[in-house]
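# Observations on chain architecture
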Amino acid sequence: MAAERQVAGGGGRGSSSSSGNAGGGGPAAVLEEAKENKENEKPQPGDLGDSLGLEILQIVKESQQQHGLRHGDFQRYRGYCSRRLRRLRKTLNFKMGNRHKFTGKKVTEELLSDNRYLLLILMDAERAWSYAMQLKQEANTEPRKRFHLLSRLRKAVKHAEELERLCESNRVDAKTKLEAQAYTAYLTGMLRFEHQEWKAAMEAFNKCKTIYEKLASAFTDEQATLYNQRVEEISPNIRYCAYNIGDQSAISELMQMRLRSGGTEGLVAEKLEALITQTRAKQAATMSEVEWRGRTVPVKIDKVRIFLLGLADTEAAIAQAEEEETKERLFESLLSECRDALQAVREELKPDQKQRDHSLEVDSGKVSNIQYLHSYLTYIKLSTAIKRNESMAKALQKALLQQQQPEEDGKRTPRPQDLIRLYDIILQNLAELPQLPGLEEDKSFLKEIGIKTLVYKAYRCFFIAQSYVLVKKWSEALVLYDRVLKYASEVQAQAGTYKNNLKELPDVQELITQVNAEKYSLQAAAILDADDSHETESPSQVRDGKPLSERFETFCLDPTLVSKQASLVHFPPNFQPIPCKPLFFDLALNHVTLPPLEDKVEQKTKSGLTGYIKGIFGFRS
């Protein structure tokens, strides 16, 4: 308690330790502080005259979602409550002393001139509750923290009772009074739940549920949604308390709640999981064998027994589910449990396989019981995967029928290619079924798988044809439609004695009717498209691929001219022939007779010493 008072006091040291990075001096801390200061401003008066009003549940839910509880971070939410308390006290000048001395103050009816005094007590209760939930998470590894958890819950109930007492004043409107009573009843129920006082907890939760249901019926749809959400949150707690009091019918309702929501969250989640496991374990003690395909197999593994007992409930919940998200969540939960059961069987199968390898049995074709059980669980897993993909395919088909509506918020509309992928996966799962050990000689089973394969092949071909229609490949689509009719006729011819086992398959007759209609529309579209191809070329289209430099005389709207790959000229240009540079050869010189020049050539003089000297000095003539 002293630690909590220090966090809520005027000094900022305790607050900074619990608020993490928010206590720093960065821009994020400044923005968060500004936001919280805006929250701490005086709220607008209520609608009921000048009386004080406080939207308790709305404030609590918004604060929790924005400050950590969306991710289950109770420590962050506790730090937010501490900081908001400090700022509220500073704004109202209602400080608990100073950083050297603590002076306790209580909010009285005389101070109720501002509804922020009520908010002050509400944040006290929320801080104590968030600390209790934080300790609850830590108590899984440190059991001693459970005592501190109960202490914080009692503190939260004390603050809630003080809030309810103040709301009894004539200054507070009727809606706030009812919300304060419901809030107190909720925290009281949580405290009694932790103490395992089931009757008192059930009474408190029922009181809270009744008040919120009355408020939901009296106000607008937006506010009613908030109240109904809180009613849904506490309903599993009420049923769990009823079960512990002695109502045995509550366990089935709890299981249905868990299946519909894909796993209950909140106070009762862990206890509900343990209770369901315990109940199934008791039922599994009486389950010793299972029969499949005319063979009875003993079941000795507890995990497999529990899975097989819950299989029917989960399949019933899937059949009752209306929303696709709920179905998907239930399918994933069932597949996860099936994988766990298969893993347990594999661990038992390894030593059994070694014994079979060393034994010399005459009847080597018959698989062991544990191997046959493994085949049964594998069949359940593959069949569940097929049902899940088929459910997704049906949802996509509905979306394709509504594809005429424009796209909203940039969402991608479904395409036939998405369905092709789903049917590919279904066919892969069907191909694995005949390979299961122990079913090689079961001709009836193999015949059923063959018929199912033909049905899904027909649907796969149909959507492949639809994808070809979108790109105007009429001949390919027409061939695929004929293939669909071929598969459908084979199914109708072979499904005579197996109709009872094939009720869950899609209706082939509807597919035949749809294909016949699509063929007629396809032929009409192909004829119209052929007529359009013989028409004159539209001036707004360019089909010859000529660059702009070669079609100046023709007007056309070419959108590629404003793109980065505009076709202006041929580049690089083509080679063109040009004349070569001429070569000149002087052939006439060979036929010219030159005149004799002997008479004009100077006679060579005799040389001697005198001539040599004259030659040196240039006197030679």
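Overview of the structure. (Residues numbered from 1 in each chain as written. Predicted model: local features only at pLDDT ≥ 70, side-chain atom pairs only at ≥ 80, totals over all residues. Heavy atoms only, no water.)

Helix and strand counts for the protein chain stand at 20 helices and two strands. The 621 residues of the protein chain split such that 40% are buried. For the protein chain, long-range pairs separated by at least 24 residues make up 67% of all intrachain contacts whose partners lie at least 6 apart in sequence. Summed over all atoms, the accessible surface of the protein chain reaches about 38,400 Å², with 52% contributed by carbon and sulfur. (Helix = DSSP H or I, 4+ residues; strand = E, 2+ residues; numbered from the N terminus. Buried < 20%, exposed > 50% of the residue type's maximum accessible area, 1.4 Å probe, protein only. Contact = heavy atoms within 4.5 Å. Areas by Shrake-Rupley, 256 points an atom, 1.4 Å probe, with all protein chains shown as cover.)

Using the criterion set out here, one finds 18 aromatic pairs in the structure. Geometrically, the ring pair formed by Phe193 and Trp198 is edge-to-face, given 5.4 Å between the ring centres and 85° between the ring planes. Trp198 shares its class with Phe193; the two are buried. Measuring from centroid to centroid gives 5.5 Å for Trp292 and Tyr372, while their planes differ by 50°, and the two rings are tilted. With Trp292 in strand β1 (residues 289-292) and Tyr372 in helix α15 (residues 369-401), the pair connects residues that are 80 residues apart, well separated along the chain. Across the pair, exposure class does not vary: Trp292 and Tyr372 are buried alike. (Phe/Tyr/Trp six-rings, centres within 6.5 Å; stacked < 30°, edge-to-face > 60°.)

Before going further, it helps to examine the nonpolar core. Counting 70 residues, the largest nonpolar core has Val304, Phe307, Leu308, Leu373 and Leu377 as the members making the most contacts within it. With near-sequence residues (within four places) excluded, Leu377 lies in contact with Val304, Phe307, Leu308, Cys338, Ala341, Leu342 and Val345. (Core = buried A, V, L, I, M, F, W, Y, C linked by side-chain atoms within 4.5 Å.)

With that settled, the discussion passes to the pattern of salt bridges. Counted under the stated rule, the structure contains 16 salt bridges. Notably, a salt bridge pairs Arg388 with Glu332, separated by 2.7 Å at the nearest N-O pair. Note that Arg388 is positioned in helix α15 and Glu332 in helix α14 (residues 324-358), a separation of 56 residues in sequence. Residue class for Arg388 comes out buried when judged on its relative accessible area of 18%. Residue classification places Glu332 among the partly exposed positions, given a relative accessible area of 33%. (Salt bridge = Lys/Arg side-chain N within 4 Å of Asp/Glu carboxyl O.)

With that settled, the discussion passes to the side chain of Glu162. Along the chain, Glu162 falls in helix α7 (residues 145-167). Nearest to the buried, unbridged Glu162 among oppositely charged side chains is Arg165, at 4.2 Å. (Lys, Arg positive; Asp, Glu negative; His and termini not counted.)

A separate point is the side chain of Thr176. Tracing the backbone shows Thr176 in helix α8 (residues 174-194). In this structure, Thr176 is in contact with Leu52, Gly53, Leu54, Ile56 and Cys167, ignoring residues within four places of it in sequence.

Remark: helix α4 (residues 56-66) packs on helix α5 (residues 74-92), axes separated minimally by 9 Å, with the N-to-C direction vectors making an angle of 120°. Our classification of the angle between α4 and α5 gives oblique. Here the hand of the crossing between α4 and α5 comes out right-handed. Counting all contacts with α4, which are made through Ile59, Val60, Ser63, Gln64 and Gln66, the residues of α5 involved are Arg76, Tyr77, Tyr80 and Arg84. Among the residues forming the contact of α4 with α5, the class breakdown is four nonpolar, three polar and two charged. (Axes fitted to C-alpha atoms, helices over the stretch in contact; angles between N-to-C directions. Parallel < 35°, antiparallel > 145°, perpendicular 65-115°, else oblique. Left-handed = near helix turned anticlockwise from the far one by under 90°. Nonpolar A, V, L, I, M, F, W, Y, C, P; charged D, E, K, R; others polar.)

Our focus in this paragraph is the pairing of strand β2 (residues 295-298). The two faces of β2 differ: Arg295 and Val297 on one face are buried, but Thr296 and Pro298 on the other face are not. Bridge analysis of β1 against β2 gives four bridges, and the strand direction is antiparallel. Across the sheet, Glu291 pairs through a bridge with Thr296, a residue of β2. Hairpin connection of β1 to β2: two residues between the antiparallel strands, including Arg293 at a positive phi of 55°. (Pairing = 2+ DSSP bridges.)

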